[in-house]
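# Working through the structure, step by step
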Amino acid sequence: MILLAKLALGALGTVVAAGGVISSEGFVSVRVHEKKPGGTHISLIVPAMVLDTGLHFVPKENLQDASEQVRPWLPTIHAAIDAMRSEGDTTFVEVKEENQHVTVATRNGAIVVDVDDDGETVHVSTPLRAIDNAIDQIAAAGPKN
Amino acid sequence: MNKNSQLGAVLCLLAAVVVMGAVAVKKTAAAATPEKFIHVRVNDVSKGEMVSVNVPLSLAEKVIPTIHNGNLHNGKVTIGNMDMQDVDVRALLAAVASSPDNEFVTVKEKDQEVRVAKSKGNFIIHVTDLNSDSDESNKSDKSDKSDKKYEKRGQKVDITIPISVVNALVPNEKQELDLVAAIHALSNASEALLVTVHDGTQDVRIWIDSQNDGSK
């Protein structure tokens, strides 16, 4: 009985630890809602770590172009992301038109893009740290100088 | 004696906690110095459009020095062969800065008025152009009849720049403008409306304040 309890405790601990590791980088959230009758509704919440891990499986030759383009801008991207992370929540861009509303903002360490127009609403939220890591990986995929 | 030393230890501990708390509060207060944002707002009444951009000045201050592209390097923009005709711009600015508030230039024409003044540590430039043809795009768009009521309203530009920012933007001997120094000077300046442009159906405003969403 005690052995079973220990095993259960171990399994629970592993699950909690795994959950902690998986959620340590936050979550990427995507929601798409088409307003027409019978329109598509998509709601995805994926641990940001999946983005990070997924990039390891992309063949390096497929990332070389992106790598070459992103490398010169790495210091700028890092500086911008660091500054955005140290700032509080900020609405960077807002565009309002007659039938469209777009915002790009930082909320709780994530960059959030919201689009609301006649046809659909789209919400994408990605943790800044995940973006930083992903860009580092893309930059590292190119040939070493 | 033993009790007294215990009491002393507790009091010391309490005093330490109070001192640490005071230090923490002071640090928090210092950290709570409001972040300044530069806001750009463009309103087009005829189309019902609004674009708002809000950038923390500290972000700009950190990001701009990392950009090395074209004429921009290390936060400085290299301008071309700018011939200042041996005019010492810094001395000129210092003289203007130390002079009392005044309207330095006023030009009035039939359809145009230009005023350059200094007030409360700021350079102020007003330009009013009553005969502006800046609405040509609206005039040519005959399909949008609602634009017609906005035609011929002319153009009005108001610019208010702190003298400290102008000083920072004076080119050095290498013909470079120090953008980071200008942003730093802006973040040290008080909250202010920097630029307003009214042009037919469009209004543009650029200002500095501590709001993170330009809701002012």
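Our subject in this report is the structure included herewith. Since this is a predicted model, take the numbers as computed values, not measurements.

### Let's talk about the overall build of chain A
Helices and strands together make up the secondary structure of chain A, namely five helices and six strands. Reading the helices (α) and strands (β) of chain A from amino to carboxyl end gives α-β-β-α-α-α-β-β-β-β-α. A compact globule built from 145 residues should have a C-alpha radius of gyration of about 15 Å, whereas chain A, at 20 Å, is more than 25% larger. Each of the three principal axes of chain A carries a C-alpha extent, and together these read 70 × 50 × 30 Å. Long-range contacts, defined as pairs at least 24 residues apart, comprise 53% of the intrachain contacts of chain A with a sequence gap of at least 6.

### Observations concerning the environment of V104(A)
All names here are of chain A. Positionally, V104 belongs in strand 4 (residues 100-107). Distance from V104 to V58, taken between C-alpha atoms, is 28 Å for residues 46 residues apart in sequence. Beyond its immediate chain neighbours, meaning those up to four positions away, V104 contacts F92, V93 and V113.

### A short note on the sheet that holds strand 4 (residues 76-78) of chain B
Sheets are built from strands that pair by backbone hydrogen bonding, the pairs being arranged parallel or antiparallel. All names here are of chain B. Strands sit in the order 3-4-9 across an open sheet of three strands; the sheet is antiparallel. The sheet is open, and its two edges are formed by strand 3 (72-73) and strand 9 (176-178), each paired on a single side. Taken together, the three bridges between strand 4 and strand 9 define a ladder with antiparallel strand orientation. Bridging from a neighbouring strand, T78 pairs with E176 of strand 9. Contacts from helix 6 (residues 179-188) reach strand 4 and strand 9, with the element oriented near 30 degrees to strand 9.

### Comments concerning the nonpolar core
If you look at the biggest cluster of nonpolar residues, it comprises nine residues: M84(A), L59(B), A60(B), V63(B), V165(B), L179(B), A182(B), I183(B) and L186(B). Broken down by secondary-structure element, the contributors of at least two residues to this core are helix 2 (57-63) and helix 6 of chain B. Counting residues per element, this core draws most heavily on helix 6 of chain B, which supplies four residues. Look past the residues within four positions of I183(B) in its chain and what remains in contact with it is L57(B), A60(B) and E61(B).

Cut-offs and rules
Residues numbered from 1 in each chain as written. Chains lettered and ligands numbered in written order. Predicted model: local features only at pLDDT ≥ 70, side-chain atom pairs only at ≥ 80, totals over all residues. Helix = DSSP H or I, 4+ residues; strand = E, 2+ residues; numbered from the N terminus. Rg over C-alpha atoms; globule rule 2.2 N^0.38 Å. Contact = placed C-beta atoms within 7 Å. Pairing = 2+ DSSP bridges. Axes fitted to C-alpha atoms, helices over the stretch in contact; angles between N-to-C directions. Core = buried A, V, L, I, M, F, W, Y, C linked by C-beta atoms within 7 Å. Buried ≥ 20, exposed ≤ 12 C-beta atoms within 10 Å, placed from the backbone.

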